[in-house]
Amino acid sequence: MKSLKRKGARSLLLPEFDKYDLYLKSVQSPRREVEFLQATYKELRGERARVLREDFCGTFKLLCEWVKEHPEFEGIGVDLDQEPIAYGQEKYAQVLTPHQQNRLKVLHANVLSPQLPHADIITAFNFSYFVFKTREVMKEYFLNCHRTLKKNGILTLDCFGGYACFEPNEEETVHDEFSYFWDQESFDPVTHHAQFYIHFKRKGEKKRERVFAYDWRVWSIPELRDLLGDVGFTRTHVYWEGTDKNGEGDGVFKRVETCDEVCESWVAYVVAEK
Ligand SMILES: C[S@@+](CC[C@H](N)C(=O)[O-])C[C@H]1O[C@@H](n2cnc3c(N)ncnc32)[C@H](O)[C@@H]1O
């Protein structure tokens, strides 16, 4: 019997395009991040962290994993954009138990606001704080974090670099059902301003260009550490990622004092102690 499916009908069968779901599958590892945060706090402070504030939280998947981790853990999210917050409420927070939901609070606010709740750990992940392009504004942000951390608090930032980020380039990562593209369109060596895009291409569909766009300054680790020291953080640390047998990052981050690895691209954590 002839199939009723017409040519091109495959796309009709694809689920609705969900940019936040593809983003999660491409660039987020909330479970691993919870483990890293808790292990790092324990290593530096000798005790367990309870309250996590996720600045630039977007869909706040990290916080949902945090409140699942322990019945006393609390999560606070801060983001300027109501769209990802609403998505996170519908897709991730709804499936939490009422007790977990009660320990989660998401604020539609600017991370520079002076009124933010205090926390044991503040995170700014996926390089979101690179949106601050001047030393003055970055300093204002770090000061605000320092002020709103509890006594033993830590600030955790991720950071990237490598010689690939000094020139335009586009990298494709192939997943089972789609490809993820990290596109660096420009880099200005004088200002370190750079324009990035995320594109996606689902199987059987045209590539969707510029689904997410980031207009950032690429900050270096020593610049960040200097600024963190200037606003009063007592010590800063760098956690560098190990390398697997294919030469890729292995997802295991260890504290280092120096590094002689020459990488096309790398991701590291910068952690600052109050
Ligand atoms: C790259 S997304 C990061 C999402 C998530 N943190 C992650 O790890 O993938 C950046 C987010 O920062 C938010 N944002 C940008 N500037 C902000 C500000 N000044 N205060 C609060 N949120 C801000 C945007 O609305 C966006 O949701």
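For the structure, check the block above.
Quick look at the structure, then. Every chain is numbered on its own, with residues counted from 1 as its sequence reads. Reporting in this predicted model follows two pLDDT cut-offs: at least 70 for local features of residues, and 80 or more for side-chain atom pairs to be given and counted; totals over whole chains, interfaces and linings ignore these cut-offs and use all residues. Side-chain figures throughout are based on the complete set of non-hydrogen atoms in the structure, without hydrogens or water.

This part covers the overall build of the protein. Each helix corresponds to a stretch of at least 4 residues labelled H or I by DSSP, and each strand to a stretch of at least 2 residues labelled E; elements are numbered beginning at the N terminus. Helix and strand content of the protein: eight helices and 12 strands. The C-alpha atoms of the protein give a radius of gyration of 20 Å, which matches the 19 Å a tight globule of 274 residues would have. With the principal axes as the frame, the protein shows a C-alpha extent of 75 × 50 × 35 Å. Split into buried and exposed, the 274 residues of the protein put 49% on the buried side. The contact definition used throughout considers only heavy atoms, calling two residues in contact when any of these lie within 4.5 Å. Across the protein, the fraction of contacts at a sequence separation of at least 24, relative to all contacts at a separation of at least 6, is 66%. Of the roughly 14,600 Å² of accessible surface on the protein, a fraction of 50% belongs to carbon and sulfur atoms. Residues scored as charged are limited to Lys and Arg (positive) and Asp and Glu (negative), so that His and the chain ends carry no count. A single reference atom marks each charge: NZ on Lys, CZ on Arg, CG on Asp, CD on Glu. Side chains of the protein carry 39 positive and 45 negative charges; the gap between the two charge centres is 6 Å. As defined in this context, the radius of gyration uses C-alpha atoms, and a globule is described by 2.2 Å times the residue total to the power 0.38. Buried, partly exposed and exposed residues are distinguished by accessible area as a fraction of the type maximum, computed with a 1.4 Å probe on protein chains only: under 20%, between the cut-offs, and over 50%, respectively. Computed with a 1.4 Å probe, the accessible areas rest on the Shrake-Rupley method; for each residue, only the protein chains presented here act as cover.

With that settled, consider the side chain of Ser179. The residue Ser179 is located in strand β7 (residues 178-187) in this model. The class for Ser179 is buried, based on a relative accessible area of 9%. Of the polar contacts made by the side chain of Ser179, one reaches the side chain of Glu172; its length is 2.6 Å. Aside from chain neighbours lying at most four places away, what touches Ser179 is Glu172, Thr173, Val174, His199, Phe200 and Lys201. N or O atoms within 3.5 Å of each other form a polar contact, as long as, within protein, one can give a hydrogen and the other can take it, and as long as residues adjacent in sequence are counted only when both atoms are side-chain atoms.

Let's shift gears to the site of the ligand. For this description, a residue counts as near a given molecule or strand if any of its non-hydrogen atoms is within 4 Å of it. Around the ligand there are 18 residues in total, and Tyr23, Phe56, Asp79, Val111 and Asn126 lie nearest to it. Leu80 places a main-chain nitrogen or oxygen 3.2 Å from a nitrogen atom of the ligand. Take Val111: an N or O atom from its main chain is 3.0 Å from a nitrogen atom of the ligand. The protein chains hide 85% of the 600 Å² of surface that the ligand would expose on its own. Think of it as three bins: nonpolar holds Ala, Val, Leu, Ile, Met, Phe, Trp, Tyr, Cys and Pro, charged holds Asp, Glu, Lys and Arg, and polar takes everything else, Gly as well. Of the residues that constitute the shell around the ligand, the class distribution is 10 nonpolar, five polar and three charged.

Before going further, it helps to examine the sheet that holds strand β11 (residues 249-256). The pairing criterion for strands is at least two bridges between them, as found by DSSP. One open sheet accounts for eight strands, arranged β3-β2-β1-β4-β5-β12-β10-β11; its pairing is mixed. Here the strands that pair on one side only, and so sit at the sheet edges, are β3 (104-108) and β11. Shown here is a sheet whose adjacent strand axes are inclined to one another by a mean of 20 degrees, direction ignored. Pairing of strand β10 (residues 235-243) with strand β12 (residues 266-273) involves six bridges; the strand directions are antiparallel. Within β12, the residue paired with Trp240 across the bridge is Ala268. Between N-to-C directions, angles span 0 to 180 degrees; the directions come from axes that are lines fitted to C-alpha atoms, helices contributing only their stretch in contact. Sitting on the sheet, helix α7 (residues 135-148) touches β1 (51-55), β4 (119-124) and β5 (149-161), and the angle it makes with β5 is about 145 degrees.

All right, on to the packing of helix α2 (residues 19-27) against helix α5 (residues 82-93) then. It is at 11 Å that the axes of α2 and α5 come closest, and there the two elements cross at 80 degrees. Here α2 lies roughly perpendicular to α5, going by the angle between them. Here α2 contributes Lys19, Tyr20, Asp21 and Leu24 to the contact with α5, which in turn contributes Glu83, Pro84, Tyr87 and Tyr92. Among the residues forming the contact of α2 with α5, the class breakdown is five nonpolar, no polar and three charged. Any angle that falls under 35 degrees is termed roughly parallel, while one over 145 is termed roughly antiparallel, one within 65 to 115 roughly perpendicular, and all others oblique.

With that settled, the discussion passes to the state of the cysteines. The disulfide criterion used throughout: a pair of cysteine sulfur atoms within 2.5 Å. For the coordinates displayed, the defined rule picks out zero disulfides. Free of any disulfide, Cys64 has its nearest neighbouring cysteine sulfur in Cys57, separated by 9.5 Å. No disulfide involves Cys263; its sulfur sits 6.3 Å from that of Cys259, the nearest cysteine.

Patches in this entry comprise residues that are over 30% relatively accessible and not in a salt bridge; like charges within 9 Å are linked, as are nonpolar side chains (Val, Leu, Ile, Met, Phe, Trp, Tyr) within 5 Å. Salt bridge, as applied in this entry: a Lys or Arg side-chain nitrogen positioned within 4 Å of an Asp or Glu carboxyl oxygen. A cluster of nonpolar side chains, Tyr163, Phe166 and Val262, forms an exposed patch at the surface whose accessible area comes to about 370 Å². Within the secondary structure, Val262 sits in the loop between β11 and β12.

A few words now on the nonpolar core. To define a nonpolar core, start from buried Ala, Val, Leu, Ile, Met, Phe, Trp, Tyr and Cys residues and group those joined through side-chain atoms within 4.5 Å. In this structure, Phe60, Tyr129, Tyr141, Phe142 and Leu155 are the most contacted members of the largest nonpolar core, which totals 83 residues. Per the annotation, domain bounds derive from an automatic or database assignment of domains. If you count residues domain by domain, this core takes at least three from each of domain 1 (19-162 + 219-273) and domain 2 (164-215). If we skip the residues at most four places from it in the chain, Tyr141 touches Asp55, Phe56, Val111, Leu112, Ile122, Ala124, Tyr129 and Phe132.

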